[in-house]
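# Descriptive analysis of the structure
For reference, the chains in residue letters:
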Amino acid sequence: MEPESGLHSPSNPSQLSWVNLSRNLILAYQSFGVVYGDLSTSPLYVFTGTFTDKLQNHQNEEAIFGLFSLIFWTLTLLPLIKYVFILLSADDNGEGGTFALYSLLCRHSKFSLLHNQQAADEELSSYKYGPSSHGAGSSALKRFLEKHKRLRTVLLVVVLFSASMLIGDGVLTPAISGELVLLACIILVGLFALQHFGTHRVAIVFAPIVIIWLVSIFSIGLYNIIYWNPKIVRALSPHYIIRFFSETGSDGWISLGGVLLSVTGTEAMFADLGHFTSLSIRLAFAFVVYPCLVVQYMGQAAFLSKNLNSVENSFYDSIPKPVFWPVFIIATLAAIVGSQAVITATFSIVKQCHALGCFPRVKVVHTSKHMYGQIYIPEINWILMVLTLAITLGFQDTTLIGNAYGLACVTIMFITTFLISLVIYFVWQKHIVLAAFFLLFFWCIEGVYFSAALMKVPRGGWVPLVLSVIFMLVMYIWHYGTRRKYNYDLHNKVSLKWLLGLGPSLGIVRVPGIGLIYSELATGVPAIFSHFVTNLPAFHQVLVFVCVKSVPVPYVSPDERFLIGRVCPRPYRMYRCIVRYGYKDIQRDDGDFENKLIQSIAEFIQMEAVEPQSSSSESASLDGRMAVMSVRSAQSSMSLVISEEDIISIEDSVQSSSKSLTLQSLRSAYDDYSQQQIRRRQVRFQLPQNPSMDISVREELVDLIQAKEAGVAYIVGHSYVKARRTSSFMKKIAIDICYSFLRKNCRGPAVALNIPHISLIEVGMIYYV
């Protein structure tokens, strides 16, 4: 990841530790403006949202003390102990969120439903993260889950539901940020318009606001404790919780939906992990956010214990009059910033869903050269804005929105607890008793809050459920349709015997150039190739079957990106290239893909001749031999150099049969959109002066470079997916209507793969699945 993100680590260990510390401190500062805006603004409405309904009959000092004790222990057990101390340790190579947990589980157990996965993927350096999959991984529970596909499907649905809840949370959070409807709508439009600047720039603007806000609420809380009721410190004891429920009974249980608002935004600490680091988030919460919130809630409770009539506007009434207006202004700004946490988390979740085949193709913009997980997704940003405005205008009541918000948050926490317990057992390989204790302990706490939040479903709580079901259906239908399409390709592959029977010419004219045939198949020749051969009178001199796929890891090192193999014997000039990306990787449009691909194939040809047994063998067939090829020419026995000058000059010195062949003017053009003109990149391919090189290898390398000089064509199938006539009614609705609608309205494969339009060839084909 480091070479692609532009980071360069110092060689001195002491200097390295200082750089890491300073980097984490900077990220901790930035996290205030992104991660903690939502959590830190909860004091604005927690006490007000709790004393509703019948709990208003229990407005006394004893109830206030008990309520603060509930808030304190909720903050301590859930955000501090569960998330900061435990959950942030379950990152997947620095990536967080429910899909990161799912990815960890899929790598240590065969839970994945991703298609085109190979044994070679398990050799990736980032795949081997954490303990090996032996020991506890061979348990009966693991074998039971791996054996039953329905249970693995249920696990995927649970993960999708959690991701959908987080997206729904991203809709509700901005909607709760304002009291005046018209002003809130104007502010929301401005907030979403800022997102394209990226997390880094937004954090620079928002972080000072949140820090000033935290200092303000800490100071006000400390003042209220000293001035109004210092005895509130006693309420830190959980004994006051017991006294609270003994007095309030079922009314106190229903009020837990309001207490839950004190931890809304907690899930962003884990979901936004890819934008920061676990250490930076821990530092910010443990040393700043947590103490400030505890002191503020304690001070507010101290004020209410002596001013019981101020419950309806507890926070603003507790502000000392000399500083009221400055605090009011910063509170308004902080409430706006509070929406940033979940919006940023939504971008990360959608990116992970898309990479793992569970979300339609969208445009992902990488907004930082230094922090790899900071991204922006335009389509999701504007969809969130429209839905947020609809919620704000439709409800016009922050209490109802708060009910919906609380249910969404506790549902995400509930599912996350279940997933992390599986990680404790399958990934960390701890004893099953420890995993069960963790699950039961936090489920008991969150279950009480969840049951109280369910009571608010008729009064706004139904909103996140409806939104989540809609998003989950979109995800599942896309995943279902994609798998059906892949299975069609898998069962209708072109027979290798038929291909070999055509001969090296394939029975048609082989014209100069390279044809890159895109397919989702990692092995075999797709059916669409026979469609090409039978309908086109000519084909390219060199054919490369390209499979761009995602693997269940956060990122793939550039040295492990390309997996190269041969489809047919050498005279056919047909190769396979599998390009692997992690769910955290960004497919960059840097115009260098062709050069890296050709270089990898050339290195494979050379390596195959020198070390014919070095490539891993998946099967005995020609199409089964694949090898990971590094694009670092300096480490390769094949000398291929990529330079950065503006004029292309490619010299290929080949000595064969006492002849010297020099090829010049192999050019690679790309559009420079800022200058609106064609520029050139210099790429120099040079064969080594090796007299012992086999003549057939030299000829194959010469053919490859000549084909590159002639040009590269990208061949992509324009597929139409339809359900079979014998399919069930529900399947026809899912494929013919829902999946078809999603495919028509998402970005096309050529756009998602950054294929230059001028070199694109699309051929239509109907898939009956």
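Residues numbered from 1 in each chain as written. Predicted model: local features only at pLDDT ≥ 70, side-chain atom pairs only at ≥ 80, totals over all residues. Heavy atoms only, no water.

### Focus: the overall build of the protein chain
Convention followed: Helical segments are the DSSP runs of H or I of at least four residues, strand segments are the runs of E of at least two, and each set is numbered from the N terminus. Summary of the burial criterion: residues with accessible area below 20% of their type's maximum are buried, those above 50% are exposed, and those between are partly exposed, where the area comes from a 1.4 Å probe applied to protein chains only. Only the protein chains shown count as cover for residues, with accessible areas throughout obtained via the Shrake-Rupley method and a probe of 1.4 Å.
What the protein chain contains, in helices and strands, is 28 helices and 16 strands. Sorting the 769 residues of the protein chain into buried and exposed places 57% on the buried side. On the protein chain, roughly 31,600 Å² of surface is accessible, and the fraction owed to carbon and sulfur atoms is 62%.

### Some thoughts on unusual backbone geometry
Phi is positive for asparagine 93, close to 55 degrees, though the residue is something other than glycine. One can find asparagine 93 in the loop between helix 5 (61-86) and helix 6 (98-108). Take asparagine 93: its relative accessible area is 17%, and that puts it in the buried class. Despite not being glycine, glutamine 429 shows a phi value in the positive range, around 60 degrees. Inspection of the secondary structure puts glutamine 429 in the loop between helix 20 (398-426) and helix 21 (432-454). On the accessibility criterion, glutamine 429 (24% relative accessible area) is partly exposed.

### Brief notes about the packing of helix 7 (residues 140-147) against helix 8 (residues 149-175)
For clarity, the threshold we go by: Orientation is described by axes fitted as lines to C-alpha atoms, over the contacting stretch for helices, and by angles from 0 to 180 degrees between their N-to-C directions. By the definition adopted for this analysis, an angle is roughly parallel if under 35 degrees, roughly antiparallel if over 145, roughly perpendicular if from 65 to 115, and oblique otherwise. Residue contacts are defined here by distance: any two heavy atoms, one from each residue, within 4.5 Å place the two residues in contact. Each residue receives one of three labels: charged for Asp, Glu, Lys and Arg, nonpolar for Ala, Val, Leu, Ile, Met, Phe, Trp, Tyr, Cys and Pro, and polar for the others, Gly being one of them.
Following both chains from N to C, one finds helix 7 and helix 8 inclined at 90 degrees, their axes separated by 5 Å at the closest point. Of the possible angle classes, the one that applies to helix 7 and helix 8 is roughly perpendicular. Listed contacts from helix 8 to Phe144, Leu145, Glu146 and Lys147 of helix 7 are Lys149, Leu151 and Arg152. In terms of residue class, the contact of helix 7 with helix 8 is built from three nonpolar, no polar and four charged.

### With respect to the environment of phenylalanine 72
Within the secondary structure, phenylalanine 72 sits in helix 5. Residue classification places phenylalanine 72 among the buried positions, given a relative accessible area of 13%.

### Quick word on the packing of aromatic side chains
To keep it simple, the criterion reads: Here is the rule: rings of Phe, Tyr and Trp (six-membered ring for Trp) pair when centre to centre is within 6.5 Å. Planes less than 30 degrees apart are stacked, more than 60 are edge-to-face, and the remainder are tilted. When the NZ atom of lysine or the CZ atom of arginine is within 6 Å of a ring's centre and also within 35 degrees of its normal, the charge is said to sit over that ring.
Scanning the entire structure with this criterion turns up 34 aromatic pairs. Taking 6.3 Å as the distance between ring centres and 65 degrees as the angle between the ring planes, the aromatic pair formed by tyrosine 316 and phenylalanine 324 counts as edge-to-face. An aromatic cluster is defined as three or more aromatic residues linked by ring pairs; in this entry it consists of Trp213, Phe315, Tyr316, Phe324, Trp325 and Phe328. When the ring centre of tyrosine 127 is taken as reference, the NZ or CZ atom of arginine 107 above it lies at 5.6 Å. Geometry around tyrosine 240 places arginine 243 over its ring, the cationic atom sitting 4.9 Å from the centre.

### Remarks on the confidence of the model for the protein chain
As a reminder, the rule being used: The score called pLDDT rates the predictor's confidence residue by residue, from a low of 0 to a high of 100.
When pLDDT is averaged along the protein chain, the result is 81, and 83% of the positions lie at 70 or above. Ranking the elements of the protein chain by mean pLDDT puts strand 11 (residues 659-661) last, at 31, and helix 15 (residues 278-306) first, at 95. Below pLDDT 50 for its whole length, residues 1-11 participates in 22 contacts with residues either more than four positions away or in separate chains.

### Notes on the pairing of strand 15 (residues 712-722)
Put simply, the rule reads: Pairing between two strands is assigned when DSSP locates at least 2 bridges connecting them.
The element strand 15 is largely enclosed, with a buried count of eight among its eleven residues. Note: strand 3 (residues 509-518) against strand 15, four bridges, orientation parallel. Among the inter-strand pairings, leucine 516 is bridged to a residue of strand 15, identified as tyrosine 714. In terms of strand pairing, strand 15 meets strand 16 (residues 760-768) through nine bridges, oriented parallel. In the sheet register, valine 716 faces strand 16, and the bridge partner there is glutamate 762.

### Overview of the nonpolar core
Keep this limit in mind: Only buried residues count toward a nonpolar core. Its members are Ala, Val, Leu, Ile, Met, Phe, Trp, Tyr and Cys residues joined through side-chain atoms within 4.5 Å.
In this structure, Tyr36, Phe99, Ile232 and Phe285 are the most contacted members of the largest nonpolar core, which totals 160 residues. For this core, the element with the most residues is helix 20, which contributes 17 residues. With near-sequence residues (within four places) excluded, tyrosine 36 lies in contact with Ser31, Val210, Met269, Ile281, Ala284, Phe285 and Val289. Judged by nonpolar contacts, the second largest core, of 32 residues, contains Ala723, Ile735, Tyr739 and Met765.

### A few points about the pairing of strand 3
For a regular strand, side chains alternate in direction, first toward one face of the sheet and then toward the other. The sheet contact formed by strand 3 and strand 4 (residues 538-551) spans eight bridges and is parallel. Among the inter-strand pairings, tyrosine 518 is bridged to a residue of strand 4, identified as valine 546.

### So, a nonpolar patch on the surface
Stated formally: Patch definition: residues above 30% relative accessible area lacking any salt bridge, with like charges linked at up to 9 Å and the nonpolar side chains Val, Leu, Ile, Met, Phe, Trp and Tyr linked at up to 5 Å. For salt bridges, the criterion is a side-chain nitrogen of Lys or Arg within 4 Å of an Asp or Glu carboxyl oxygen.
Taken together, the side chains of Leu141, Phe144, Leu151, Ile432 and Val433 define a hydrophobic patch exposed on the protein surface, amounting to about 420 Å² of accessible area. Mapped by element, the contributors of at least two residues to the nonpolar patch are helix 7 and helix 21. Within the secondary structure layout, leucine 151 lies in helix 8.

### Description of empty space enclosed by the protein
The line we're drawing: A cavity here means a set of 1 Å grid points, computed over protein atoms only, where a 1.4 Å probe fits but cannot escape. A pocket is an open set with protein on both sides within 12 Å along at least 5 of 7 lines, and lining residues have an atom within 4 Å of a point. Grid points are joined across faces, edges and corners, and a volume is the space filled by probe spheres set on the points.
Evaluation of the coordinates by the stated rule reveals three cavities of 30 Å³ or more. Reported here for the largest cavity is a volume of approximately 80 Å³. Tyr83, Gly97, Thr98, Ser162, Ala163, Leu166, Glu267, Phe270, Ala271, Ile349, Ile412 and Thr416 are the residues that line the largest cavity. When contributions to the lining of the largest cavity are tallied by element, the ones reaching two or more residues are helix 8, helix 14 (267-271) and helix 20.

### Overview of helix 6
The buried fraction of helix 6 amounts to eleven of the eleven residues, a majority that puts the element mostly inside the structure. For helix 6, every residue scored as buried is listed here: Thr98, Phe99, Ala100, Leu101, Tyr102, Ser103, Leu104, Leu105, Cys106, Arg107 and His108.

### A few points about the pattern of salt bridges
Think of it this way: side chains of opposite charge can pair up when their charged atoms draw near. Tallied over the entire structure, the rule returns 15 salt bridges. Residue glutamate 379 is joined to arginine 747 by a salt bridge in which the shortest nitrogen-to-oxygen separation is 2.5 Å. Placement of glutamate 379 in helix 19 (residues 378-395) and of arginine 747 in the loop between helix 27 (729-745) and helix 28 (749-752) is noted, with a sequence separation of 368 residues between them. Residue glutamate 379 is classed as partly exposed on the basis of its relative accessible area of 23%. Across the salt bridge formed by arginine 573 and aspartate 703, the nearest N and O atoms sit 2.9 Å from each other. With arginine 573 in the loop between strand 5 (562-566) and strand 6 (574-582) and aspartate 703 in helix 26 (residues 695-710), this pair connects stretches of sequence that are 130 residues apart. Three or more residues are tied together by salt bridges with common partners; here these are Arg566, Arg570, Glu608 and Glu700.

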